[in-house]
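Observations on the model geometry
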Amino acid sequence: MYVLGIALAALMALMFRRLIPYFRGRPSMFVMELPMYAVPSLRNVAIHMWERGRLFLTKAGTIIFLGIISVWLLSNYPWEAVHQGGGVLLENSYIGIFGKSVEPIFRLLGFNWMASAALFFGFIAKEIVVGTFATLFGLSESAENLSSVLRAEGIFTPLTGYAFMVFSLIYVPCIATIGVVYRETASWRWAAFTALYQLILAYAAAFSIVAIGEVDRIRMRGKAGSGWMVYYASILGAMYVFFGSAELFLGLRSLLSPSGNASLFGAPADALGGSPRS
């Protein structure tokens, strides 16, 4: 997963340099002063562990906790519609209604309404994706319990499960990240662009995995001829979705100001550390 993330980051950097005029300017000077390397002391390690642990506990006790509470409330109300005849009908809950409304978008990837809802709440924090499944099934976040239930309920196959992990890896990390992009660029257009392109890239990558897996399944059944046609059509479709949508919906070239002194999405030319185009 980490290798895939690094490879996609490098690929997107090269693609943006070719597609977005703002990044075609003179390369900006980048100087990084590295400290003297030494064996860390026990005191420094302990302080760093405490700072990182405190930050995570703060996040877990506020953002993640409130997100899980929201999932629980949305999965239990309206109470009369959800709790009928001694059973629980999650499909009638607010989160079920929402999940089913966005399920058609992810149907090509093999994700049902629960997976779709989990991805939506992952915008708050990626940790909530697992918490959403655990809350919907009334489990603790134990990996063994949750994985066994997901397999028993048929939520994922090995193929769609891998596609789901790839989608979760690539799409928007969290709302806080979008806020940081806005703060650094002083432009909501850059923030929206970041969120949109990561969503499209995640969808294209997950769709490619599912398509390749389906082709292999068809090939194993002795239908390789039609399978390869489906494979190439799927890859071309994924590429069109990503590259075509980038040009169509974002208007990458047309949004560049005539003077060339502003960035593509309205941020100052040096807001991202770059130099104005000559």
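Residues numbered from 1 in each chain as written. Predicted model: local features only at pLDDT ≥ 70, side-chain atom pairs only at ≥ 80, totals over all residues. Heavy atoms only, no water.

Turning our eyes to something else, we now look at the overall build of the protein chain. For the protein chain, the helix and strand inventory stands at 11 helices and 2 strands. For the protein chain, the succession of helices and strands along the chain, N to C, is α-α-α-β-β-α-α-α-α-α-α-α-α. Across the 278 residues that make up the protein chain, the buried fraction comes to 37%. Within the protein chain, contacts between residues separated by at least 24 positions form 61% of all contacts whose residues are at least 6 apart in sequence. (Helix = DSSP H or I, 4+ residues; strand = E, 2+ residues; numbered from the N terminus. Buried < 20%, exposed > 50% of the residue type's maximum accessible area, 1.4 Å probe, protein only. Contact = heavy atoms within 4.5 Å.)

A few words on unusual backbone geometry. Leave glycine aside and you will find that most residues have negative phi; peptide bonds, for their part, are mostly trans. Note the cis peptide between Tyr77 and Pro78, where omega equals 0 degrees. Relative to the assigned elements, Pro78 resides in the loop between helix 2 (42-76) and helix 3 (79-82). In this structure, Ala186 is a non-glycine residue whose phi angle is positive, near 60 degrees. Relative to the assigned elements, Ala186 resides in the loop between helix 9 (175-185) and helix 10 (188-220).

Let's shift gears to the packing of aromatic side chains. Per the stated rule, a full pass over the model turns up 20 aromatic pairs. For the ring pair Tyr77 and Trp79, a centre distance of 5.7 Å and an interplane angle of 50 degrees mean the geometry is tilted. Tyr77 sits in the partly exposed class, given a relative accessible area of 35%. Measuring from centroid to centroid gives 4.0 Å for Tyr182 and Trp188, while their planes differ by 15 degrees, and the two rings are stacked. (Phe/Tyr/Trp six-rings, centres within 6.5 Å; stacked < 30°, edge-to-face > 60°.)

Turning our eyes to something else, we now look at a nonpolar patch on the surface. A grouping of Phe65, Leu66, Ile69, Trp72, Leu73, Leu74, Tyr77, Trp79, Tyr94 and Ile97 is seen on the molecular surface, where their side chains present a nonpolar patch of about 970 Å² in accessible area. Elements represented by at least two residues in the nonpolar patch include exactly helix 2 and helix 4 (94-106). Element by element, the count of residues in the nonpolar patch is highest for helix 2, at 6 residues. Considering the arrangement of structural elements, one finds Leu66 in helix 2. Since its relative accessible area comes to 54%, Leu66 is described here as exposed. (Patch = residues over 30% accessible without salt bridge, like charges linked within 9 Å, V, L, I, M, F, W, Y side chains within 5 Å. Areas by Shrake-Rupley, 256 points an atom, 1.4 Å probe, with all protein chains shown as cover. Salt bridge = Lys/Arg side-chain N within 4 Å of Asp/Glu carboxyl O.)

Time to look at the packing of helix 4 against helix 5 (residues 113-121). The relative placement of two packed helices is expressed as an angle between their axes plus a distance between the axes. Contact geometry of helix 4 with helix 5 gives a least axis separation of 7 Å together with a crossing angle of 95 degrees. With respect to each other, helix 4 and helix 5 are oriented roughly perpendicular. Residues Ile95, Gly96, Phe98, Gly99, Lys100, Val102, Glu103 and Phe106 of helix 4 form the contact with helix 5, whose own contacting residues are Trp113, Ser116, Ala117, Leu119, Phe120 and Phe121. Grouping the amino acids of the contact of helix 4 with helix 5 by side-chain chemistry returns 9 nonpolar, 3 polar and 2 charged. (Axes fitted to C-alpha atoms, helices over the stretch in contact; angles between N-to-C directions. Parallel < 35°, antiparallel > 145°, perpendicular 65-115°, else oblique. Nonpolar A, V, L, I, M, F, W, Y, C, P; charged D, E, K, R; others polar.)

Turning our attention to the side chain of Ser168. Within the secondary structure layout, Ser168 lies in helix 8 (residues 158-170). Ser168 has contacts with Leu119 and Lys126, leaving out every residue within four places of it along the chain.

Turning next to the packing of helix 2 against helix 6 (residues 127-136). Relative to each other, helix 2 and helix 6 sit at 40 degrees, their axes nearing to 10 Å. By the criterion of interaxial angle, the relationship of helix 2 to helix 6 is oblique. Here helix 2 and helix 6 pass one another in a crossing that is right-handed. Side by side, helix 2 and helix 6 meet where Phe56, Lys59, Ile63, Ile64, Gly67, Ile68, Val71, Trp72 and Ser75 of the first sit next to Glu127, Ile128, Gly131, Thr132, Thr135 and Leu136 of the second. Looking at the contact of helix 2 with helix 6 residue by residue, the class counts come to 8 nonpolar, 5 polar and 2 charged. (Left-handed = near helix turned anticlockwise from the far one by under 90°.)

Within helix 5, 8 of the 9 residues are buried, which leaves the element mostly enclosed by the surrounding structure. Among the residues of helix 5, those classed as buried are Trp113, Met114, Ala115, Ser116, Ala117, Ala118, Leu119 and Phe121.

What follows is about the environment of Ile200. You can see Ile200 is positioned in helix 10. A C-alpha to C-alpha distance of 9.8 Å links Ile200 and Phe167, two positions 33 residues apart in sequence.

With that out of the way, let us pick up the confidence of the model for the protein chain. When pLDDT is averaged along the protein chain, the result is 77; 75% of the residues meet or exceed 70. A low-confidence stretch, residues 246-250 stays under pLDDT 50, and its non-local contacts, those more than four residues away or across chains, total 10 contacts. Low pLDDT (under 50) marks residues 252-278, which in the prediction has 65 contacts with non-local residues, meaning those over four places away or in another chain. (pLDDT = per-residue confidence, 0-100.)

Here helix 9 has its buried residues at Ile178, Val181 and Thr185. Projected down its long axis, helix 9 carries its buried residues within an arc of 55 degrees, all on one side. Turned more than 90 degrees away from the buried face of helix 9 sit Ile175, Ala176, Arg183 and Glu184, all of them exposed. (Arc of directions from axis to C-beta.)

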